[in-house]
Amino acid sequence: MLQKMYDWVDERLDITPLWRDIADHEVPEHVNPAHHFSAFVYCFGGLTFFIVVIQILSGMFLTMYYVPDVINAWESVYYLQNEVAFGVIVRGMHHWGASLVIVMLFLHTLRVFFQGAYKKPRELNWVVGVLIFFVMLGLGFTGYLLPWDMKALFATKVGLQIAEAVPFVGTAIKTLLAGDATVIGAQTLARFFAIHVFFLPAALLGLLAAHFIMIRKQGISGPL
Ligand code: HEM
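The rules behind these values
- Residues numbered from 1 in each chain as written.
- Predicted model: local features only at pLDDT ≥ 70, side-chain atom pairs only at ≥ 80, totals over all residues.
- Heavy atoms only, no water.
- Donors = N, O, S within 2.8 Å, 3.2 Å for Na, K, Ca; no water.
- Buried < 20%, exposed > 50% of the residue type's maximum accessible area, 1.4 Å probe, protein only.
- Axes fitted to C-alpha atoms, helices over the stretch in contact; angles between N-to-C directions.
- Helix = DSSP H or I, 4+ residues; strand = E, 2+ residues; numbered from the N terminus.
- Parallel < 35°, antiparallel > 145°, perpendicular 65-115°, else oblique.
- Left-handed = near helix turned anticlockwise from the far one by under 90°.
- Contact = heavy atoms within 4.5 Å.
- Nonpolar A, V, L, I, M, F, W, Y, C, P; charged D, E, K, R; others polar.
- UniProt positions renumbered as here; feature names shortened; annotations may be inferred.

K.L.:
Explain the coordination of the iron atom of the ligand here, please?
P.N.:
For a metal bound by four donors in a tetrahedral arrangement, the ideal donor-metal-donor angle is 109.5 degrees, while six donors in an octahedral arrangement ideally sit at 90 or 180 degrees. Around the iron atom of the ligand, the protein supplies H108 (NE2) and H211 (NE2) as donor atoms, at distances of 2.0 to 2.1 Å. When its relative accessible area of 13% is taken as the criterion, H211 is described as buried.

Quick look at the structure:
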């Protein structure tokens with residue numbers, strides 16, 4: 001039955017080469033931890049991606065309860081955490097995952113750096129990686145405000161003061177992020193929410209696609 005359905009689609013859309021391309025791709029021996037234990041360092045990029053997927057999935061569920069306005073934000077998180085079935089688990093995954101993903105990202109970057117994997121012909125993928133790094137830090141910064149408690153408020157205050165200290169464009173960056181207000185308020189929360197759930201995830205998906213396409217095209221870097 002399933003085979004018949006597959007054949008039906010394959011006859012029309014020729015899908016076999018699409019997955020064969022991935023399934024038949026040979027992984028070189030030097031990146032296989034079963035051959036050399038030290039090759040586990042090559043898993044860091046994939047593990048980072050695994051946590052990114054967890055962040056996206058758990059984040060999607062959080063938006064089902066989170067209310068991005070100053071009156072209800074804190075209480076909506078409190079309700080999710082204490083009343084909603086599995087809410088504490090989903091929020092916990094997103095909370096701890098946010099830190100873990102930065103740790104994995106850092107380990108992956110260290111692997112690429114110390115193995116010199118950024119050298120020709122992979123310079124552009126390093127540049128894409130640097131952009132990904134900024135996007136990930138932006139996700140961490142904007143997400144931190146959303147629970148709308150004292151810690152969130154004062155941490156964001158410090159972050160915005162740092163942004164404001166940038167020469168020449170500092171004030172513009174701060175206004176862009178926080179809105180036209182002297183205090184962190186309704187505009188700030190709305191913007192941080194929009195940046196956290198729409199702008200940066202969209203940018204991340206585009207950058208990750210470029211990252212993976214380049215890795216497939218160039219293959220993994222050779223042994224040391
Ligand atoms: C969400 C963030 C990221 C994900 C999911 C990711 C994922 C991956 C994966 C799966 C690989 C294949 C080899 C491996 O796993 O080590 C890879 C390779 C690579 N990554 Fe990333 N990466 C991320 C961020 C970065 C950053 C921040 C940089 C550098 C600033 C970077 C630079 C590179 C380079 C140059 C390669 C090619 C390495 C080689 O061929 O040996 N990546 N990445």
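K.L.:
I would appreciate a short explanation of the packing of helix α3 (residues 44-62) against helix α9 (residues 186-218) in the present structure.
P.N.:
In a pair of packed helices, the angle between the axes and the distance between the axes together describe the arrangement. Two elements in contact, α3 and α9, have axes separated by 13 Å at closest approach and are oriented at 155 degrees. When the axis of α3 is compared with that of α9, the two are roughly antiparallel. When you trace α3 past α9, the crossing you get is left-handed. Residues F49, V52 and I56 of α3 form the contact with α9, whose own contacting residues are L204, L205, L208 and F212. Class assignment of the residues belonging to the contact of α3 with α9 gives a composition of 7 nonpolar, no polar and no charged.

K.L.:
Sorry if this is basic, but what is going on with the UniProt feature "transmembrane region" (unreviewed entry) in the chain here?
P.N.:
As recorded in UniProt, the sites labelled "transmembrane region" (unreviewed entry) are residues 39-67, 96-114, 126-146 and 193-215. The straight-line gap between the two end C-alpha atoms of residues 96-114 is 27 Å; of that span, 100% is helix and 0% is strand. A helix fraction of 100% and a strand fraction of 0% characterise residues 193-215, whose end C-alpha atoms lie 32 Å from each other.

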